[in-house]
Amino acid sequence: MTDTVIDRAARATPPSVARRVRGVSDRMLAWIFVAPTIFLLLSINIFPLIWTINLSFTNYKANRNRPVEYIGFENYHRILTDKDVWLTMQATAHFLFWTIFFQVLIGFALAWLINRKFKGNDLWTTLIVLPMMLSPAVVGNFWTFLYQPQIGLFNYVVSFFTGADPSSFSMIGQVNLAPWAIVIVDTWMWTPFIMLICLAGLRSIPDYIYEAAEVDRASKWRQFWTITIPMALPFLMLAVLFRGIENFKMFDLVVLLTGGGPGSTTELTSINLKREAFEKWRTGYASAYAIILFVTVFGLASIYVKALNKVKER
Amino acid sequence: MSGYSVTEASPRQKTIAAVLVMTYTLITLMPLVWIIATGFKTPADAISYPPKVIFEPTLEGYVNLFTTRTRVTQEQLQAMGPPQTWYDAIVRQYDMVIAGPSRYGERFLNSVIIGFGSTFLSVFLGTLAAYAFSRFKVPLKDDLLFFILSTRMMPPIAVAIPIFLMYRTLGLSDTHLGMILLYTAVNLSLSVWLLKGFIDEIPREYEEAALIDGYTRFQAFVKVVLPQASTGIAATAVFCLIFAWNEYAFAVLLTSGTAQTAPPFIPTIIGVGGQDWPAVAAGATLFLLPVMVFTILLRKHLLRGITFGAVRK
């Protein structure tokens, strides 16, 4: 197919023009091609970021029309010493740790099973992937229906297997259950993500390594721990990086499931930030908060990527 | 086939693996099946205990999704005579009449306009930038590429604060254009990275041949590279579309009426005494089905798309 394109190109070109590259220089063209992207990112990402940094040193409130005062690091100081902020950080850490824990466990197991290459594994892989492609807001909203005491499907299934009364517990209404309710939905939604990446990792391991191990009479168990796991690890770590960043930013799914409640048990940092910025309208304070979050994600991600590169080099 | 292989699982192992994977799939698809089923239930069936698996399907949820209704008295109902249409008949069982269309149609249309608009822009700009990054020596290339990626690390709420203020000043709040520009900017990181991967895979020799034949660089790009990259461009477009389609945080904070998309709207569909679950489920079904179809079409490029091109099969 490509040959025909070039053939046609060659035939359509008058010989006199050939051998002479015309038009704007490559350098010019490169800039013309990159400029719109850079411009858009500057105006919608960088300019707002700089503005946020600026606002973070003020006591600006977006719903009031009063003169803005610069108050230095006051906002930063207040956030870092606020007990409620640390509680939301704890909620976020709980959410991050357990979602990644379950997703890695189930996702890797699924990838390992699918890599047994049974008949029709492609079809099942495609079906498993469906939840993660859907709108978290729409799906999260529907899960509140599944979580209803008495009538919800989730409660019914739990009561079917455990014998507990389906109206005796409320996944999103109880302080002790709500943090797990959001972990369950996130795990349901994003396990396929880890699975897909792990599957790519497992498929990248060449057969001859196992064949060599077999010749050396290494047990299957030993092969799993000395070949499979180390060779799939960079992929697994990459998957965890993506999930980590995404779940640190988590907003839509959880806000529609629990709205941060009951109380503030599931109030993740993004939800807390939204409260400060768009309900209490403490714009300056929220800007400082946003900068702290950004620096945290960026810092953690950079350290993690360094570790990832070390693992890759091994 | 070479017969025995140490890496090939035994038939028994395969069966066990298949059974486990299928069980997981069926469990994980239950919520989705439940959404689709609830859309065809009556409100009474939807909240019955135990949950009804077998029920008489009705289009009530869909009628409620697309209409607003008002309650009327028995006398008024009798005065109106027999219902004219099947959806009138459904509504009248509950002593109500259709008062007009709901906002779901508009919101869905907004999702389509904003989704396709931003997808077109981000793929268009992304293709140009990706080509430049792939073929030319752009100063600070690695820094620029990393910068483009790092824009994704900001929590959407953090981005929304200055955007909200900026749009308020520029008059872009709650407009289609504002949302299209915002989603384009967010999607650009994905489209540049993905497309750069796809274009990297096209051998340079093709363009060089065209250049020697007297094509300008731009002509070579349009006539040689673009046709070669069409699959990658299509896959990238679908990923951008799915992101814009599913996005909630920006939509809920920056739109309230004219430009509101479906995700912030669907959870607000309420009936008598709380959410009208069959109508919500009907709205969700119509909204989620296109994405399910696209996912199945896209399955070969899925891995690449979700990892920004970091993992290729």
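Residues numbered from 1 in each chain as written. Chains lettered and ligands numbered in written order. Predicted model: local features only at pLDDT ≥ 70, side-chain atom pairs only at ≥ 80, totals over all residues.

### As for the overall build of chain B
Here is step 1: Each helix and strand counted, chain B has 16 helices and four strands in total.
Here is step 2: A compact globule built from 313 residues would reach a C-alpha radius of gyration of about 20 Å, whereas chain B, at 26 Å, exceeds it by more than 25%.
Here is step 3: Judged by the C-alpha coordinates and their principal axes, chain B covers about 85 × 65 × 40 Å.
Here is step 4: For chain B, the proportion of its 313 residues judged to be buried stands at 49%.
Here is step 5: Sequence-distant contacts, at least 24 apart, represent 75% of the contacts inside chain B between residues at least 6 apart. (Helix = DSSP H or I, 4+ residues; strand = E, 2+ residues; numbered from the N terminus. Rg over C-alpha atoms; globule rule 2.2 N^0.38 Å. Buried ≥ 20, exposed ≤ 12 C-beta atoms within 10 Å, placed from the backbone. Contact = placed C-beta atoms within 7 Å.)

### Concerning the overall build of chain A
Here is step 1: Broken down by element type, chain A carries 13 helices and zero strands.
Here is step 2: Shown N-terminal to C-terminal, the secondary structure of chain A runs as helices and strands in the order α-α-α-α-α-α-α-α-α-α-α-α-α.
Here is step 3: Over its C-alpha trace chain A gives a radius of gyration of 26 Å, far above what one expects of a compact globule, namely 20 Å for 314 residues.
Here is step 4: When its C-alpha atoms are laid out on the principal axes, chain A stretches across 75 × 65 × 40 Å.
Here is step 5: The proportion of buried residues among the 314 residues of chain A is 40%.
Here is step 6: A fraction of 71% describes how many contacts in chain A between residues 6 or more apart in sequence connect residues 24 or more apart.

### Section: the confidence of the model for chain A
Here is step 1: Mean pLDDT over chain A stands at 88; residues scoring 70 or higher make up 93%.
Here is step 2: Across residues 14–20 of chain A the pLDDT falls below 50, and counting only partners more than four positions away or on other chains, this stretch makes seven contacts in the model. (pLDDT = per-residue confidence, 0-100.)

### A look at the interface of chain A and chain B
Here is step 1: The interface of chain A with chain B comprises 87 residues on the first partner and 92 residues on the second.
Here is step 2: Examining the composition of the side of chain A that touches chain B, we find that 14 residues originate from one element, helix α2 (residues 26–55) of chain A, more than from any other.
Here is step 3: Here the residues of the side of chain A that touches chain B are counted per class, giving 62 nonpolar, 13 polar and twelve charged. (Nonpolar A, V, L, I, M, F, W, Y, C, P; charged D, E, K, R; others polar.)

### Describing unusual backbone geometry
Here is step 1: A cis geometry characterises the amide bond from Gly-261 of chain A onward to Pro-262 of chain A, with omega recorded as -5°.
Here is step 2: Secondary-structure assignment places Pro-262 of chain A in the loop between α11 (252–257) and α12 (269–278).
Here is step 3: The omega torsion of the bond from Tyr-49 of chain B to Pro-50 of chain B falls at -5°, within 30 degrees of zero and hence cis.
Here is step 4: Within the fold, Pro-50 of chain B resides in the loop between α2 (43–46) and α3 (60–66).
Here is step 5: Of note in the backbone geometry, Gln-150 of chain A takes a positive phi value of approximately 70° without being a glycine.

### Observations regarding the packing of helix α5 (residues 121–133) of chain A against helix α1 (residues 11–38) of chain B
Here is step 1: Remark: α5 of chain A packs on α1 of chain B, axes separated minimally by 9 Å, with the N-to-C direction vectors making an angle of 35°. Where α5 of chain A crosses over α1 of chain B, the two elements pack in a sense that is left-handed. From α5 of chain A, Trp-124, Leu-127, Ile-128, Leu-130 and Pro-131 of chain A reach across to α1 of chain B, where they touch Val-21, Met-22, Tyr-24, Thr-25, Thr-28, Leu-29 and Leu-32 of chain B.
Here is step 2: Residue classes in the contact of α5 of chain A with α1 of chain B are distributed as ten nonpolar, two polar and no charged. (Axes fitted to C-alpha atoms, helices over the stretch in contact; angles between N-to-C directions. Left-handed = near helix turned anticlockwise from the far one by under 90°.)

### Topic: the confidence of the model for chain B
All names here are of chain B.
Here is step 1: Per-residue pLDDT for chain B averages 88, and the proportion of residues at 70 or more is 97%.
Here is step 2: Averaged pLDDT values over the elements of chain B bottom out at 77 in helix α7 (residues 141–150) and peak at 94 in helix α6 (residues 104–135).
Here is step 3: The ipTM for the predicted assembly is 0.89, set against a pTM of 0.89.

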